[in-house]
Amino acid sequence: QPHFRYCKKCKNTQRYRTRHCDLCQACVAKFDHHCFWIGGCVGETNHGKFLLMLLVLTIEFLMGFTWGWTGLDYNSEDYESRNNLTNVKYTKEHGAFEICCIICFLAFLFSGVLFFYHLFLVLSNTTTWEHNSSDNISYFKPYYRGALPFNKGVIQNFKDICINNSKIREWELPCPDVLKESQSFNICENEHYSCC
């Protein structure tokens, strides 16, 4: 079993999945990342809420895009009759709708990709830090590439992160040989290649 690390800044022993955040000046349990949107770290007690926030943002940006798109109906008879115009092709108002559509669509793509990425992390019980830096994390060294040592199954992972997330857990590492036998082949990341 890898040893726990000692944080010189906080002067305490870091359990597995804990990392010191220089921006927050604290050790964060099950550290995922420091997020500029919430002005703090995403960790054990708020990863489920962060996922919900990404879902709501994705839906809002999609709604903003669709509402902006309805304003781009250039040749609508309803638009012409409301404004006593004929053969209207373009007005100043359309520019605002176009900008709204572009901004909302780009924001929708960004938040949507983040939502699905964090949904994958939640359902596999891993973190952004562990997923992107597993080669540099000491307690991941005994495991093969792409191993998910804290994975308890999709349903239990979702419950632990999104429903039963009020307490900080003591994480235990399974034996590498047992883990390899129990987990199925991961097509995205495995001992032969990595997509990420």
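Residues numbered from 1 in each chain as written. Predicted model: local features only at pLDDT ≥ 70, side-chain atom pairs only at ≥ 80, totals over all residues. Heavy atoms only, no water.

Caption draft 1: Quick look at the overall build of the protein. Check the secondary structure of the protein and you find six helices and six strands. In the protein, which comprises 196 residues, the proportion classed as buried is 39%. Here the contacts in the protein between residues at least 6 apart in sequence split such that 51% fall between residues at least 24 apart. When the accessible surface of the protein is summed, it comes to about 12,300 Å², and 61% of that surface belongs to carbon and sulfur atoms. (Helix = DSSP H or I, 4+ residues; strand = E, 2+ residues; numbered from the N terminus. Buried < 20%, exposed > 50% of the residue type's maximum accessible area, 1.4 Å probe, protein only. Contact = heavy atoms within 4.5 Å. Areas by Shrake-Rupley, 256 points an atom, 1.4 Å probe, with all protein chains shown as cover.)

Caption draft 2: Local environment of the packing of aromatic side chains. According to the stated counting rule, one finds 11 aromatic pairs in the structure shown. The interplanar angle of 75 degrees and the centroid separation of 5.5 Å between the aromatic rings of F150 and W171 together place this pair among those described as edge-to-face. Of this pair, F150 sits in the loop between α4 (128-133) and α5 (154-163) while W171 sits in the loop between α5 and α6 (176-182); the two residues are 21 residues apart in sequence, bridging distant segments of the chain. You can call W171 buried: its relative accessible area is 10%. Each residue in the set F4, Y16, Y139, F140, F150 and W171 is aromatic and connected to the rest through ring pairs, giving one cluster. In this structure, R17 packs its charged tip against the face of W171, placed 4.5 Å from the ring centre. (Phe/Tyr/Trp six-rings, centres within 6.5 Å; stacked < 30°, edge-to-face > 60°. Lys NZ or Arg CZ within 6 Å of the ring centre and 35° of its normal.)

Caption draft 3: Spatial organisation of a nonpolar patch on the surface. A contiguous nonpolar surface patch, about 570 Å² in accessible area, is contributed by L52, L55, V56, I59, M63 and W67. Turning to its location among the elements, L55 is positioned in helix α1 (residues 47-70). (Patch = residues over 30% accessible without salt bridge, like charges linked within 9 Å, V, L, I, M, F, W, Y side chains within 5 Å. Salt bridge = Lys/Arg side-chain N within 4 Å of Asp/Glu carboxyl O.)

Caption draft 4: Region of interest: the environment of N46. Its location among the elements puts N46 in the loop between β6 (40-42) and α1. For the pair N46 and S166, spaced 120 residues apart in the sequence, the C-alpha separation amounts to 8.6 Å. Dropping the residues within four chain positions of it, N46 is found in contact with I38 and C41. Within the local environment of N46, its side chain forms a polar contact with the backbone oxygen of C41, the two atoms lying 3.0 Å apart. (Polar contact = N/O pair within 3.5 Å; in protein donor to acceptor, adjacent residues only side chain to side chain.)

Caption draft 5: Spotlight on the environment of F105. Mapped onto the elements, F105 comes out in helix α3 (residues 92-124). When the C-alpha positions of F105 and L62 are compared, they lie 6.9 Å apart, and in sequence the two are 43 residues distant.

Caption draft 6: α5, seen in detail. By the burial criterion, the buried members of α5 are N157, D160 and I161. For α5, the buried positions fall inside an angular range of 85 degrees around the axis, keeping them on one side. Exposed and oriented more than 90 degrees from the buried face of α5 are I155 and I163. (Arc of directions from axis to C-beta.)

Caption draft 7: Structural context of the layout of surface pockets. Considering only enclosed or pocket space, the second largest pocket measures out at about 160 Å³ in volume. Considering every element that reaches the lining of the second largest pocket, the biggest residue donor is strand β2 (residues 12-14), with three residues. For the lining of the second largest pocket, the per-class residue count stands at six nonpolar, four polar and five charged. (1 Å grid on protein atoms, 1.4 Å probe; cavity = no way out; pocket = protein on both sides within 12 Å on 5 of 7 lines; lining within 4 Å. Points joined across faces, edges and corners; volume = space filled by probe spheres on them. Nonpolar A, V, L, I, M, F, W, Y, C, P; charged D, E, K, R; others polar.)

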